[in-house]
Every structure is written in structure tokens, then in C-alpha cells.
Amino acid sequence: MGLELYLDLLSQPCRALYIFARSNNIPFQFKHVELMKGQHRTEEFRKVNVLMKVPALKDGSFTLAESIAILLYLARKFKTPDHWYPSDLQKRARVDEYLSWQHVNIRGKGSKLFLTKVLLPLLTGQPLSPEKLEGVTEELNVVLKQFEEKFLQDKPFIAGSEISLADLVALVELMQPVGAGYDLFEERPKLAEWRRRVEDAVGKQLFQEAHEGILNAKNLTADKIAPELLEHFKHQLLKQASQN
């Protein structure tokens, strides 16, 4: 049995894996796990990933969870071009540095804005207060400034002159707030140029294909979410919103 990737392209890490595999001509079988239908919580999927999260990989009898681990597995197994995860010690360290930092920063704050702006009003039937939205947006703006000043600086890409896993992981995360209607690139010319370079490097058509669903997320309705997930989401999001 060949390589299987269990993905939902509404998920940022899943999009990173999908784009990486497709742009490097890695053969795989796309196994669609629809998060909004609760398919990641089934016993069938639990056999692939006991953590019940996407993405997940199955390669014969070998299974693997966690997107960064899967990206590195694919890069090593299929010997993808060196720039993705450089052999140069210091360039690789730059990639590792960003991948270590991004979880609670770009990923954390970008996801929070998306969930707060899109899902919370959908689940509660109440619009988000301007004060709450401003607070969540400002949290993201702080880490965007850090990203530009610390990681991107004046370089074409995070690790230097060529795209790496760090750039791909970063950009798919930043598209999540865009899907919520917050165009964070609009007044950030350096970020906008970097986005263009990343899209060119992986292929604009592939990038757009992978993001079609998330860019239409504003059209999501409650009836498209599995009933058993509605209360879970509502509880988590209200708890999160109350902490702002």
C-alpha cells in the first residue's frame, strides 16, 4: 500500500503538507477527513491517529502524527531539494528556529482571530463586540511585527535566498485570518512581496487550489457542523473569548 495523507484543507498544517507533497511530485493518496463532520473523531480514524487530529500519515504499516514531523519525514524519504530543509547548519537552524516559535505565535494568534471572528458568532448567533475583535486583532498584529523584524528581515525568504519549510508553514497560517476577512497583507508591503515569492515558488495555481475552501469560510453555516461538535466548539470559543 502506498503513502496516504489524511487531510482537511480547512486546516493550515494540512494545506502545508498538501502543497509540499504536490509541489515536489510526491505520490500520495489523499484521504479527506472532514473536520466539520467530526470524521476525525471516529473509531476508524483513531486507528490511524489515536490523537484524533489531522494531518496524519500512513506509509504501509507506519503511521505518523504532527505536521512538522510529517513534513520532515517526506523531505527525508523523498530527498526533496535541499532548500526545503537545508543541510547548511545555520540555514537549517533558521528553519528550526521559526518552526519552534510559530506554534503559539503566528499559528496561535492567527487561529484565534479566525475562530473568534468566524466560528464564535456562527455558534452563538451574536456578533462579536468591536472591543473583543480589536483585542484579538492586536494580538496578531504584535506577532506579525515580530515575524517581519526577527524572521523575515530584508531577506527574500526566512532562511535566505530560497524557500524553505518555514516559509510554507508561515504563509498557510497567515491565510487563516485572510479567510476570516482580515487582509493582513494589505498594509504590509514586505509581507505582501514575501507572499508573492512563496506562491511563485510552489505554484500559484496549486496555492489557490489548496486555499479555495478557507477563503470561502465566511460562507460557513452551523448546519454544516456536526451536532456533537457544536457544543464543544461553543464551549471552547466562549472560554477563549472570555480571556481577552
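Look up: the structure comes first, before these words.
Rules used in this analysis
- Along each chain, residues carry numbers from 1 onward, in the same order as the chain's sequence is written.
- The predicted nature of this model means local features are confined to residues of pLDDT at least 70 and side-chain atom pairs, given and counted, to a pLDDT of 80 or more, with totals for whole chains, interfaces and linings taken over all residues.
- Calculation of side-chain values draws on the structure's entire complement of heavy atoms; hydrogens and water are dropped beforehand.
- Strands here mean DSSP runs of E at least two residues long; helices mean DSSP runs of H or I at least four residues long; both are numbered from the N terminus.
- Here the globule rule is a power law, 2.2 Å times the number of residues to the power 0.38, and the radius of gyration is based on C-alpha atoms.
- Only protein chains enter the calculation, and the probe is 1.4 Å; a residue is then buried if its accessible area is under 20% of its type maximum, exposed if over 50%, and partly exposed in between.
- Contact criterion: two residues are considered in contact whenever any of their non-hydrogen atoms come within 4.5 Å of each other.
- Accessible areas in this description were obtained via Shrake-Rupley with a 1.4 Å probe; residue shielding takes into account the shown protein chains only.
- Pairing of N or O atoms within 3.5 Å defines a polar contact, subject to two protein rules: one partner must be a possible hydrogen donor and the other a possible acceptor, and residues neighboring in sequence count only if both atoms are side-chain atoms.
- Note on charges: Lys and Arg go in the positive column, Asp and Glu in the negative column, and His and the chain ends are not counted at all.
- Salt bridge criterion: a side-chain nitrogen from Lys or Arg within 4 Å of a carboxyl oxygen from Asp or Glu.
- A pair of strands is treated as paired once DSSP finds two or more bridges between them.
- Axis lines are fitted to C-alpha atoms, over the contacting stretch for helices. Their N-to-C directions set the angle, which ranges from 0 to 180 degrees.

Student: Kindly report on the overall build of the protein chain, identifying the contributing residues and their values.
Tutor: Across its full length, the protein chain holds 10 helices and four strands. For the protein chain, the N- to C-terminal ordering of α and β elements is β-α-β-α-β-β-α-α-α-α-α-α-α-α. Taken over C-alpha atoms, the radius of gyration comes to 18 Å for the protein chain, in line with the 18 Å a tight globule of 244 residues would show. Projecting the C-alpha coordinates of the protein chain onto the three principal axes gives extents of approximately 50 × 45 × 30 Å. Burial status across the protein chain gives 48% buried among its 244 residues. Counting only contacts in the protein chain whose residues sit at least 6 apart along the sequence, the fraction spanning at least 24 positions is 72%. Accessible surface for the protein chain amounts to roughly 12300 Å². Of this, 51% is attributable to carbon and sulfur atoms.

Student: Go over unusual backbone geometry with me, naming the residues and quoting the values.
Tutor: The amide bond that connects Val54 to the next residue, Pro55, takes the cis arrangement and shows omega of 5 degrees. You can see Pro55 is positioned in the loop between helix H2 (43-46) and strand E3 (56-59). Even without a glycine there, the phi angle at Met52 is positive, about 60 degrees. Along the chain, the position of Met52 falls in the loop between H2 and E3. Judged by its relative accessible area of 29%, Met52 falls in the partly exposed class.

Student: Summarise the environment of Ser111; cite the residues concerned and give the values.
Tutor: Positionally, Ser111 belongs in helix H5 (residues 103-124). Under the relative-accessibility criterion, Ser111 is labelled buried at 16%. Filtering out sequence-adjacent residues up to four positions away, Ser111 remains in contact with Gln12, Ile106 and Glu173. Within the structure, the side chain of Ser111 is placed 2.9 Å from the side chain of Gln12, a separation counted as a polar contact. Of note is the side chain of Ser111, whose polar atom sits 2.8 Å from the backbone oxygen of Arg107.

Student: With reference to specific residues and values, describe the side chain of Asp8.
Tutor: Structurally, the position occupied by Asp8 is in the loop between strand E1 (3-7) and helix H1 (12-23). No salt bridge forms around the buried Asp8; measuring N to O, its nearest opposite-charge neighbour Arg15 is 7.5 Å away. Within polar-contact distance, the side chain of Asp8 engages the backbone nitrogen of Leu10 at 3.0 Å. Apart from residues lying up to four places away in sequence, Asp8 is in contact with Cys14, His32, Val33, Glu34, Leu35 and Val54.

Student: So what about the side chain of Ser67? Which residues, and what values?
Tutor: Along the chain, Ser67 falls in helix H3 (residues 67-77). With near-sequence residues (within four places) excluded, Ser67 lies in contact with Pro13, Leu17 and Pro55.

Student: How would you summarise H3 if you had to cite specific residues and measurements?
Tutor: Among the residues making up H3, those that are buried are Ser67, Ile68, Ile70, Leu71, Leu72, Leu74 and Ala75. One or two positions beyond H3, positive phi appears at Lys79, with a value near 50 degrees.

Student: Provide a residue-level description of the sheet that holds E3, including the pertinent values.
Tutor: Taken in spatial order, the four strands line up as E2-E1-E3-E4 in an open sheet, and their pairing is mixed. Each having just a single partner strand, strand E2 (29-32) and strand E4 (62-65) make up the two edges of the open sheet. The sheet shows a mean angle of 20 degrees between the axes of neighbouring strands, direction not considered. Judged from the four bridges that link them, E3 and E4 form a sheet pairing that is antiparallel. Considered in E4, the bridge of Ala56 is made with Ala65. On the sheet, H1 packs against E1 and E2 and is oriented at approximately 145 degrees with respect to E1.

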